[in-house]
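Okay, here's what each chain looks like letter by letter:
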Amino acid sequence: MIPAGRPFPGSRGACFAQNLTRNSNTTSGLKSFKQPTTLNDPRQFPVKAKVSPQKLIDRYKKGQSDAVSLLHQLAQVLQFHLEIKETIASGDLQKLCFAFCVVIDGVEYKTGTGINKKEARLKAATLALEEFLPSMENSSLPDTTETKIPVNKQIPHAVRAQLSRLMSCHPQFSGCAGTIAAFVLQASSECKVVALGTGGFNTRESISSDGRIVHDSHAVVTARRSLMRYLYRNLLMFYSKNPTLSQQSVYQHKSNSNLLCLKTGISLHLYVNSLPKGAAVIPSKLYLNPLSISAWKVNSEIGLHLMVEGKVVSVLSSAVENFAYKVVSMSTADKITQWQVIGYQGALLSHFIEPIYVQSILIGDSCCTDVRGMEVSVCQRVEGVTSQLPMFYCMMRPQISLVPSVATCTTSSNQLTLGINWSEGDSTSEVVDGLEGKTVEESPFKSGTTLASRLCKAAMLHRFKLVAKEAQRHDLLATSSYREAKRMAKAYQEAKSVLRAYLRQQGFGSWLEKVSVILGIVLYQTLISMLVRLFSL
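What you see is a predicted model; the values in this text were computed from it and never measured. (Residues numbered from 1 in each chain as written. Predicted model: local features only at pLDDT ≥ 70, side-chain atom pairs only at ≥ 80, totals over all residues. Heavy atoms only, no water.)

Engineer: Describe the sheet that holds strand S16 (residues 438–439), and please don't skip the residues or the numbers.
Structural biologist: The 8 strands lie next to each other as S13-S12-S8-S4-S5-S14-S15-S16, forming an open sheet whose pairing is mixed. Of all the strands in the sheet, just strand S13 (399–402) and S16 have a single pairing partner and so form its edges. As judged from the 3 bridges shared by strand S5 (residues 190–198) and strand S14 (residues 418–423), these two strands associate in the antiparallel manner. Within S14, the residue paired with Leu-196 across the bridge is Trp-422. (Pairing = 2+ DSSP bridges. Helix = DSSP H or I, 4+ residues; strand = E, 2+ residues; numbered from the N terminus.)

Structure follows, in structure tokens:
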């Protein structure tokens, strides 16, 4: 453990401190965010665009911004759907360079190539602008001085409406809806909630060997596992022999890949009711005078964090040594950071689909005044990792913003440990006790007498096998365990290893390996058994 006041080996702390000094506001400059009384409060949704499209284009033409930046800026101002996705170069270039293409509202532009991913993305963006800008200018640029931002308003409204529907059916569980996260699918101008979760606990049970215990029941993790159920359900629809069902799926084939991807024009967004715990919560001292703080201290604050027994602890802290026998998990902010690089689909789904990322993260925390910490956690910590990742993986930079809260962050004392999960297609919600890691007896949905949650690993493996059968993937049907199926997802595992090595090399600490936690528990239990036998002699 590196003592306080000394730099952590390989640390980027000083660099981040300088960036924070350059980019942060003073206390008086921070804009406060107040929760509106209704979703229709116009104060929460600015109607004035900061910069017009023409000014953005002029800056680009003068060399003051690059093509990738301009595309993202125009997408935000003009509200069009933008993708810059990796593809395959044609002919002899396939093995010699990387290739990307730009997709704007379903229209795919020319492929750009380069010796690394950054160069290929920039070339693709440049080629796209060569076609896009003339057509946009010829059709006259819209006056954005009164342009509204509908997505930020639609998403909280959709989440609140879905939560209200679930609670109206089972009002006895309304007390456990205080912490909520939801994934929202946007297609065209419509926003639809497809997965939802509430909760805030890790289980107190030991690591389960049969995969029937849910160990992390925090809202974002629960919502993400609900999203995975939604993705599995749509895979079964896609591979169905019923053409109507197949057409209703969110997936489509790609001409240059064996993997499926989301249909063109569909984007995913994440809503959270509170600022994710961990590195996203940056202390004010890092805003005001970061250079007065040691590099080790900076990295301790914005590095990786663990969640154990309701507490958030830096992995660089000496206190971590006391957690060998406790069930711990990485912080919510760290998990979101990882998912924005390796995708929200997980290892098993990676056998069938390309990585799935969220385009925006909306924070409905009325106590949160800005999103600087979230941007550092999710974007800046991993901004240089893309060039090292395998094909189809990248650091997807989401648009992060503050929006109205859809529920008060208070939970009934007798439902404090309970959490709700739901995904589109479910007939009703399931209620899980976070401390037990199992469904409660009173839950509207129960999968069986064992009370194993539909979010547990065993349930996910069952869905994986169903999809493998429909997709006629006999190699995957032969897998004997959840762990083996995960290991077979080579590209996903490579991306995960690259990311974790990158975080470690930058001085943010080591990612918690579940194997080491399991080993610690086994050793602890073995030691207890030996002592019991010794004293019984």
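Engineer: How would you sum up helix H3 (residues 67–78)? Please name residues and give values.
Structural biologist: What sets the pattern is the α-helix's 3.6 residues per turn: residues three or four places apart point alike. Between its terminal C-alpha atoms H3 stretches 16 Å, which fits the 16 Å expected from 12 residues at 1.5 Å a residue. For H3, the complete set of buried residues consists of Ala-67, Val-68, Leu-70, Leu-71, Leu-74, Ala-75 and Val-77. Two or three places before Val-68, at the start of H3, stands the capping residue Asp-66, its side-chain oxygen 3.2 Å from that residue's backbone nitrogen. (Expected span 1.5 Å × (residues − 1). Buried < 20%, exposed > 50% of the residue type's maximum accessible area, 1.4 Å probe, protein only. Polar contact = N/O pair within 3.5 Å; in protein donor to acceptor, adjacent residues only side chain to side chain.)

Engineer: Describe the packing of helix H10 (residues 332–342) against helix H16 (residues 490–505), listing the residues and the values that go with them.
Structural biologist: With their axes 10 Å apart at the nearest point, H10 and H16 run at an angle of 130° to one another. Classified by the interaxial angle, the pair formed by H10 and H16 is oblique. As for how H10 packs across H16, the hand of that crossing is right-handed. Judged by residue contacts, Gln-338, Val-341 and Ile-342 of H10 engage Tyr-492, Ala-495, Lys-496, Leu-499 and Arg-500 from H16. Among the residues making up the contact of H10 with H16, the classes are represented as 5 nonpolar, 1 polar and 2 charged. (Axes fitted to C-alpha atoms, helices over the stretch in contact; angles between N-to-C directions. Parallel < 35°, antiparallel > 145°, perpendicular 65-115°, else oblique. Left-handed = near helix turned anticlockwise from the far one by under 90°. Contact = heavy atoms within 4.5 Å. Nonpolar A, V, L, I, M, F, W, Y, C, P; charged D, E, K, R; others polar.)

Engineer: Run through the packing of aromatic side chains, naming residues and quoting values.
Structural biologist: Overall, the coordinates contain 4 aromatic pairs when judged by the stated rule. Relative to Tyr-344, the ring of Phe-183 has its centre 5.5 Å away and its plane inclined at 75°; by these criteria the two rings are edge-to-face. Here Tyr-344 lies in the loop between H10 and helix H11 (346–349) and Phe-183 lies in strand S4 (residues 180–187), a separation of 161 residues in the sequence. For Phe-183, a relative accessible area of 0% gives the class buried. Residue class for Tyr-344 comes out buried when judged on its relative accessible area of 0%. Ring plane angle 45° and centroid distance 5.4 Å describe the contact between Trp-339 and Tyr-344, whose orientation is recorded as tilted. The pair formed by Trp-339 and Tyr-344 is uniform in burial state, with each residue classed as buried. Clustering of aromatic rings is evident, with ring pairs tying together Phe-183, Trp-339 and Tyr-344. (Phe/Tyr/Trp six-rings, centres within 6.5 Å; stacked < 30°, edge-to-face > 60°.)

Engineer: Lay out unusual backbone geometry with the relevant residues and their values.
Structural biologist: One non-glycine residue, Phe-392, lies in the positive phi region at around 80°. Backbone geometry places Gln-472, a non-glycine residue, at a positive phi of 60°. Residue placement: Gln-472 occurs in the loop between helix H13 (457–470) and helix H14 (474–477). In this structure Gln-472 comes out as exposed when scored by relative accessible area, which is 60%.

Engineer: So what's going on with the packing of helix H6 (residues 219–238) against H13? Residues and values would help.
Structural biologist: The geometry of H6 relative to H13 is characterised by a closest axis approach of 9 Å and an angle of 20° between their N-to-C directions. On the basis of their axis angle, the class for H6 and H13 is roughly parallel. Considering how the two elements wind past one another, H6 and H13 form a crossing that is left-handed. Two secondary-structure elements touch here, H6 through Arg-225, Met-228, Arg-229, Tyr-232, Leu-235 and Leu-236 and H13 through Lys-457, Met-460, Arg-463, Phe-464, Leu-466, Val-467 and Glu-470. Class assignment for the residues of the contact of H6 with H13 results in 8 nonpolar, no polar and 5 charged.

Engineer: Describe the pairing of S5, and please don't skip the residues or the numbers.
Structural biologist: Within S5, 7 of the 9 residues are buried, leaving the element largely enclosed by the surrounding structure. With 8 bridges connecting them, S4 and S5 associate as antiparallel partners. From the neighbouring strand, Ala-181 faces S5, where its bridge partner is Gly-197. Counting the residues that bridge the hairpin from S4 to S5 gives 2 residues, and of these Ser-188 lies at a positive phi of roughly 60°.

So, to be careful, I would describe these as geometric facts and stop short of saying anything about function.
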